[in-house]
Amino acid sequence: MTGVLCLIPLLVLLLAFFVLPFGVMLYQSFFLSLLQSPAGSSPTLANYAKAFGDFFYLRVLLQTLALGAAVTGLALVLGYPVAYVLARTRTRWRQLLIFLVISPLVVSIVIRSYGWMVLLGRVGTVNTVLQALGLVEKPLPLMYNWFGVVVALTHVLLPFMILTLTSVIEGIPESLEDTAAVLGAGWWQRFRHVVFPLSMEGVGAGITLVFMLTIGSFVSVLLLGGSDTLVLPLLIYQQVILLNNNFAAALGMSLLAISVVLLYAQARVFRVRGAA
Amino acid sequence: MRRDPGALALRLYCGLVLGFLSLPIVVAVGVAFGSDKIARFPPTGLSLRWFGVALSNATFVSALGNSVILAALTTVLTIAFGLPASLALVRQKFPAQPALEAVLLSPLSLPGVLFGVSMLFFLGAGGFGLAWWGLLVAHAVIAVPYVLRTTLAVYRAMDRGLEETAMVLGANPWQTFRHVTLPLLRPGLVAGGLFAFLTSFDNVPVSIFLTTARTTTLPVTIMSYLVNQDFDPIVGAISAVQVALVLALLVVLDRVYGIAQITSFGGQ
């Protein structure tokens with residue numbers, strides 16, 4: 001009985017200040033703002049019709065999903081080999097590897113974005129080096145565009161991919177690889193036919209997690225993006241600034257729906273793993 | 001690790017990726033030690049003056065104060081709500097327990113912007129405006145899953161027989177909790193508390209909707225600074241201090257708990 005009582009404060013906290021706020025957002029998404037209809041409005045789907053019917057907003061949605069796909073793909077390609085090495089390293093290097101993967105996670109995203117701004121600016125480190133090497137004549141536009149956003153977001157989300165993959169690859173017995181090697185499989189064949197297929201759950205979980213976190217990302221896009229790199233979280237922010245709260249609410253509910261579906265999918269992936 | 005032609009290439013690749021991961025942090029910190037007027041890496045000359053400039057900047061200093069107080073109170077709140085809940089979740093069987101735990105941990109996974117906006121609407125609809133307690137409660141909500149997760153993990157791994165022994169030997173439930181359970185849970189609480197602190201201290205997507213000029217936090221201040229004035233070595237100096245603190249915390253965390261366990265999202 002005391003057990004149940006102990007859970008109640010947290011349940012109340014989350015119901016009052018987590019579930020209820022989303023309820024308010026859902027409610028507001030069904031009404032027009034006072035700017036659109038000063039006399040008040042009856043419930044309507046107009047905000048959703050605008051979000052999904054207007055080409056401009058539809059493009060923002062598609063850009064958000066495309067950004068999610070790009071960052072997820074890059075994180076997988078960059079992260080898989082690191083996850084494999086991390087999972088198979090038993091020596092004293094292991095601690096250092098873990099530290100290098102995890103330390104970016106605890107450094108503020110604002111600070112990491114700042115680092116990228118110094119690196120990618122017109123007179124930034126990368127352009128200076130490229131010009132000094134004579135590879136380019138004029139500075140390349142490396143930020144305030146999609147390139148900067150993808151680089152910064154990949155940096156932010158790569159550790160999540162690596163950690164998710166590592167925990168799954170660690171569970172694949174190394175003896176399977178040894179057997180394959182004895183049977184004459186080269187490193188590519190061992191990866192292609194042994195390790196990779198057995199790590200599919202980790203790949204699935206990593207992909208859903210990184211995709212979900214990318215389409216909800218805000219700070220890196222705001223700092224390293226430009227006028228054309230509009231994605232849903234940024235659009236929501238802009239609409240709130242413009243006091244278009246009700247439309248922002250509809251956009252927010254759409255993003256929430258996508259996130260919840262992905263969260264559910266991710267939970268399913270893990271349930272499969274637990275059962276196996 | 002195996003020795004064949006692939007092995008060397010694999011290590012090289014990993015080195016490059018890990019370099020990529022450290023690069024912007026090294027740069028953000030390195031800029032602080034430069035003498036240049038604009039942030040440049042590597043700096044043309046060395047100087048510590050930007051630390052002085054940052055410390056005498058009233059906007060940053062007051063935002064830092066706000067952030068520290070907010071993060072400290074957030075940590076207290078998350079432990080006050082998270083600790084009893086994790087005890088309950090381990091001792092008692094609840095219907096649909098995995099689903100219940102997933103819901104309790106969900107503030108971790110949903111985009112912060114969404115929660116920030118919905119909290120803003122909620123406070124507006126309730127007539128509370130941008131009250132400071134709204135900011136505090138919002139931070140507690142996004143940080144409490146960390147405490148919950150670490151204490152749950154430690155409590156589940158703990159030998160529950162020790163509690164029974166204490167009870168058999170005549171300790172009442174409070175004494176058992178105070179002298180047996182709590183000391184054994186400490187690594188989980190320390191780790192969860194530190195992560196709750198960091199979550200609050202670094203947060204932008206929620207804070208940006210809920211702060212005013214008076215309650216603004218350090219990361220929100222830095223961000224608006226970066227949006228308006230591009231990059232300035234002052235931000236580098238603040239970065240250097242913050243990174244030094246956070247990495248020190250990370251080492252502490254590793255000693256008491258093992259960092260790999262808290263951050264591995266895939267780990268069960």
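Computed from a predicted model, the values in this text were never measured in an experiment.

Asks: Explanation requested: the overall build of chain B in the structure shown.
Replies: A count of helical and extended segments in chain B gives 12 helices and 0 strands. Taken along the three principal axes of its C-alpha coordinates, chain B extends 70 × 65 × 30 Å. Burial status across chain B gives 47% buried among its 268 residues. Taking the contacts inside chain B whose residues are at least 6 apart along the sequence as the reference set, 74% of them involve residues at least 24 apart.

Asks: Honestly, the overall build of chain A in this entry has me stumped. Any pointers?
Replies: A tally of regular secondary structure across chain A gives 13 helices and 0 strands. In sequence order, the secondary structure elements of chain A are arranged as α-α-α-α-α-α-α-α-α-α-α-α-α. Across its three principal directions, the C-alpha atoms of chain A cover 80 × 70 × 35 Å. A sequence separation of at least 24 residues applies to 73% of the contacts in chain A between residues at least 6 apart.

Asks: Would you explain the interface of chain B and chain A in this entry?
Replies: By a widely used convention, the size of an interface equals the accessible area lost when the partners come together. Contacts between the two partners involve 73 residues from chain B and, on the opposite side, 75 residues from chain A. Ranked by the residues each element gives to the side of chain B that touches chain A, the list is headed by helix 1 (residues 5–31) of chain B, at 15 residues. A breakdown of the residues in the side of chain B that touches chain A according to their chemical character gives 57 nonpolar, 12 polar and 4 charged.

Asks: Quick question: what am I supposed to make of unusual backbone geometry here?
Replies: Most peptide bonds take the trans configuration, and most residues that are not glycine carry a negative phi. In the Ramachandran plot, Leu243(A) falls in the positive-phi region, its phi being about 65 degrees despite a non-glycine side chain. Among the secondary structure elements, Leu243(A) is positioned in the loop between helix 12 (232–241) and helix 13 (245–275). Not every positive phi belongs to a glycine, and Ala96(B) is a case in point at roughly 50 degrees. Relative to the helices and strands, Ala96(B) is located in the loop between helix 3 (58–91) and helix 4 (97–105).

Asks: Which parts of the structure should I look at to understand the nonpolar core?
Replies: When a protein is soluble and globular, its nonpolar side chains tend to lie buried together. Judged by nonpolar contacts, the single largest core of 167 residues is most densely connected at Leu157(A), Val210(A) and Val117(B). Broken down by element, this core gets its largest block of residues, 14 residues, from helix 7 (residues 146–169) of chain A. With near-sequence residues (within four places) excluded, Leu157(A) lies in contact with Val71(A), Ala75(A), Val210(A), Leu213(A) and Thr214(A).

Asks: Is there a simple way to explain the confidence of the model for chain A in this structure?
Replies: Close inspection of predicted coordinates is inappropriate in any region flagged by low pLDDT. Counting all residues, the mean pLDDT for chain A is 89, and 96% of those residues have values of 70 or more. Predicted confidence is poor over residues 272–276 of chain A, with pLDDT under 50, and the contacts of this stretch with residues over four places away or in other chains come to 2 contacts.

Asks: What should I look at first to understand the packing of helix 4 (residues 93–106) of chain A against helix 7 of chain A in this one?
Replies: Helices that pack against each other are described as a pair by the angle of their axes relative to one another and the distance between those axes. All names here are of chain A. The geometry of helix 4 relative to helix 7 is characterised by a closest axis approach of 9 Å and an angle of 135 degrees between their N-to-C directions. What the angle tells us is that helix 4 and helix 7 run oblique. Regarding helix 4 and helix 7, the two cross each other, and that crossing is left-handed. Contacts between helix 4 and helix 7 pair Val101, Ile102, Pro104 and Leu105 from the former with Pro159, Ile162 and Leu163 from the latter. Each residue belonging to the contact of helix 4 with helix 7 can be placed in one class, and the counts come to 7 nonpolar, no polar and no charged.

Asks: Would you mind showing me how to read helix 5 (residues 112–125) of chain B here?
Replies: Within an α-helix, residues lying three or four positions from one another point in the same direction, as the helix has 3.6 residues per turn. Residue and element names in this part refer to chain B. Taking 1.5 Å per residue, 14 residues should reach 20 Å; helix 5 reaches 20 Å between its end C-alpha atoms and fits that length. Buried within helix 5 are the following residues: Gly112, Val113, Leu114, Phe115, Gly116, Val117, Ser118, Met119, Leu120, Phe121, Phe122 and Leu123. Looking one or two residues beyond helix 5, the residue adopting positive phi is Gly127, at roughly 75 degrees.

Asks: Got a minute to help me understand the confidence of the model for chain B in this structure?
Replies: Residues and elements named next belong to chain B. Scored by pLDDT, chain B comes out at a mean of 86, with 93% of its residues at no less than 70. In this model, residues 263–268 is a region of pLDDT below 50 whose contacts with residues beyond four sequence positions or in other chains number 17 contacts. The ipTM, which scores confidence in the relative placement of chains, is 0.89 for this predicted complex, and the corresponding pTM is 0.89.

Asks: For this particular structure, what's the right way to read the environment of Ala171(B)?
Replies: All names here are of chain B. One can find Ala171 in the loop between helix 7 (161–168) and helix 8 (173–202). For Ala171, a count of 16 C-beta atoms within 10 Å puts it in the partly exposed group. The residues touching Ala171, leaving out its near neighbours within four places in the chain, are Ala166 and Thr176.

Asks: Looking at this structure, how should I read helix 12 of chain A?
Replies: Residues and elements named next belong to chain A. Across the 10 residues that make up helix 12, a large majority, 7, are buried. For helix 12, the complete set of buried residues consists of Leu232, Pro233, Leu235, Ile236, Tyr237, Gln239 and Val240. Just beyond helix 12, the residue with positive phi is Leu243, at close to 65 degrees.

Conventions adopted
Residues numbered from 1 in each chain as written. Chains lettered and ligands numbered in written order. Predicted model: local features only at pLDDT ≥ 70, side-chain atom pairs only at ≥ 80, totals over all residues. Helix = DSSP H or I, 4+ residues; strand = E, 2+ residues; numbered from the N terminus. Buried ≥ 20, exposed ≤ 12 C-beta atoms within 10 Å, placed from the backbone. Contact = placed C-beta atoms within 7 Å. Nonpolar A, V, L, I, M, F, W, Y, C, P; charged D, E, K, R; others polar. Core = buried A, V, L, I, M, F, W, Y, C linked by C-beta atoms within 7 Å. pLDDT = per-residue confidence, 0-100. Axes fitted to C-alpha atoms, helices over the stretch in contact; angles between N-to-C directions. Parallel < 35°, antiparallel > 145°, perpendicular 65-115°, else oblique. Left-handed = near helix turned anticlockwise from the far one by under 90°. Expected span 1.5 Å × (residues − 1).

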